[in-house]
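Chain by chain, the residues run as shown.
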Amino acid sequence: AKYMKAFDSALVAMSFYNSDGQLIDMNERMREVVGVNEENQEFFSETKLFDAPLFKGILFPGMVDTVHACQHMYYPDIHLDKYLEYRVRSIKNEQNEITYYTVTVRDVTSERNLYREQQAIKRQLDVTNEEVEKFEKQLNYLLSNCKMFIWQANPQTRTVEVMRSLHKVDFQFSYDDYIGRVANEEKEAGANTLFNPLMKNQPFNFIRHYACSILTKREAWYAISGMPLYDKNGKAQGHFGTLRDITPLIRSQEELRQETLRAQQSGQLKATFLANMTHEIRTPLNAIVGFSDVL
């Protein structure tokens, strides 16, 4: 009775077979794992250990080696579809003769399914990471070849970070340093962008003139666009955007404006000269025409 109580209450699924592979007994845990019921218990009691589809070709009569393996227990006739980790070992008597075989089993179906899900997630993550890496390479190429940077402002630390990629910060400076480098005529507008509460919750796009740029250490103009960042509660947590050096464009526009102004001035000079020449020529011509009329 003590043996049966220990046998049936064991957490390990166990069954015993005689030396011919005929089932002697199995505990409650084994019955639960392999799904023994009134409909299929005859299958387990009549099928010998060595003839069971799960063990066929692996176990054989007289085997003395311990077998430890994991297999798919798929018996559609009795509606069984599980993955089991099992260990089969022989028991010998004093004459070193095999008298019994013990089978211990552990149901690893849920573990296997979890592993397969993890592998599927890992494969998906690998694909996603490849796509992200490809996107980052393209982004870095575009940023490098169009003189564009990514920037992020943090109102808690009162700092601005500027980078060409999403992983490495190339420049970091404080709000005060930012305002100090803005050209005098735009300092008020620059401070308003950082500190005006109305700017915290809306995107913006403007051109800013710097007397000495942190990035180039010279006078520069940048086209700056930004959008607000929010935490999980919907509270604004700074801004994120792009920064593009448009200094050559601004200078080209200034040169074009100067050339246009010079062209306009040149045209005015020509018009004045022609007007004067016309006047100077018309005066003697009038005299000639008058004298001709008199003659």
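Above this text is the structure in question.
Now for a look at the structure at hand.

**Digging into the overall build of the protein chain**
Broken down by element type, the protein chain carries 7 helices and 11 strands. Against the globule reference of 19 Å for 295 residues, the protein chain gives a C-alpha radius of gyration of 45 Å, more extended than a compact globule. Restricting the contact set of the protein chain to residue pairs at least 6 apart, pairs at least 24 apart contribute 40%. As displayed, the protein chain offers around 20,000 Å² of accessible surface, 55% of which is attributable to carbon and sulfur atoms.

**Observations concerning the sheet that holds strand β1 (residues 13–18)**
Taking strand neighbours across the sheet as the criterion, the 5 strands line up as β2-β1-β5-β4-β3 in an open arrangement whose pairing is antiparallel. What marks the edges here is a single partner per strand, and that holds for β2 (23–26) and β3 (67–75). Averaged over all pairs of adjacent strands, the angle between strand axes in this sheet comes to 25°, irrespective of strand direction. Across 9 bridges, the pairing between strand β4 (residues 80–92) and strand β5 (residues 98–107) is antiparallel. Each residue of the ladder has a partner; that of I91, found in β5, is Y100.

**As for a nonpolar patch on the surface**
A surface patch of nonpolar side chains, about 590 Å² in accessible area, is lined by F273, L274, M277, I281, L285 and I288. The residue M277 is located in helix α7 (residues 247–294) in this model.

**Points about the sheet that holds strand β9 (residues 204–210)**
With antiparallel pairing, 6 strands are arranged side by side in an open sheet as β8-β7-β6-β11-β10-β9. On the outer flanks of this sheet lie β8 (171–174) and β9, each paired with one strand and no other. In this sheet, adjacent strand axes meet at a mean angle of 25° when their direction is disregarded. For strand β7 (residues 159–163) and β8, the ladder comprises 4 bridges, and the chain directions are antiparallel. When the sheet's bridge partners are listed, T159 is paired in β8 with S174. Sheet strands in contact with α7 are β10 (220–230) and β11 (236–245), and its direction is about 135° off that of β10.

Cut-offs and rules
Within every chain, residues take consecutive numbers counted from 1 along the sequence as written. Two thresholds apply to this predicted model, a pLDDT of at least 70 for residue-level local features and 80 or more for giving and counting side-chain atom pairs, whereas whole-chain, interface and lining totals are computed over all residues. Hydrogen atoms and water are omitted, and side-chain values are computed over all heavy atoms in the structure. Numbering goes from the N terminus for both helices and strands, where a helix is a DSSP run of H or I of at least four residues and a strand is a run of E of at least two. The globule rule used for comparison is 2.2 Å times the number of residues to the exponent 0.38, while the radius of gyration itself is calculated over C-alpha atoms. The contact criterion used is simple: two residues touch if any of their non-hydrogen atoms lie within 4.5 Å. Accessible areas in this description were obtained via Shrake-Rupley with a 1.4 Å probe; residue shielding takes into account the shown protein chains only. Any two strands are treated as partners once DSSP identifies two or more bridges connecting them. Only C-alpha atoms enter the line fits that serve as axes; for helices the fit covers just the stretch in contact. Angles between N-to-C directions range over 0 to 180 degrees. Within the patch definition used here, like charges are joined within 9 Å and nonpolar side chains (Val, Leu, Ile, Met, Phe, Trp, Tyr) within 5 Å, considering only residues with over 30% relative accessible area and no salt bridge. Throughout this description, the term salt bridge denotes a Lys or Arg side-chain nitrogen within 4 Å of a carboxyl oxygen of Asp or Glu.

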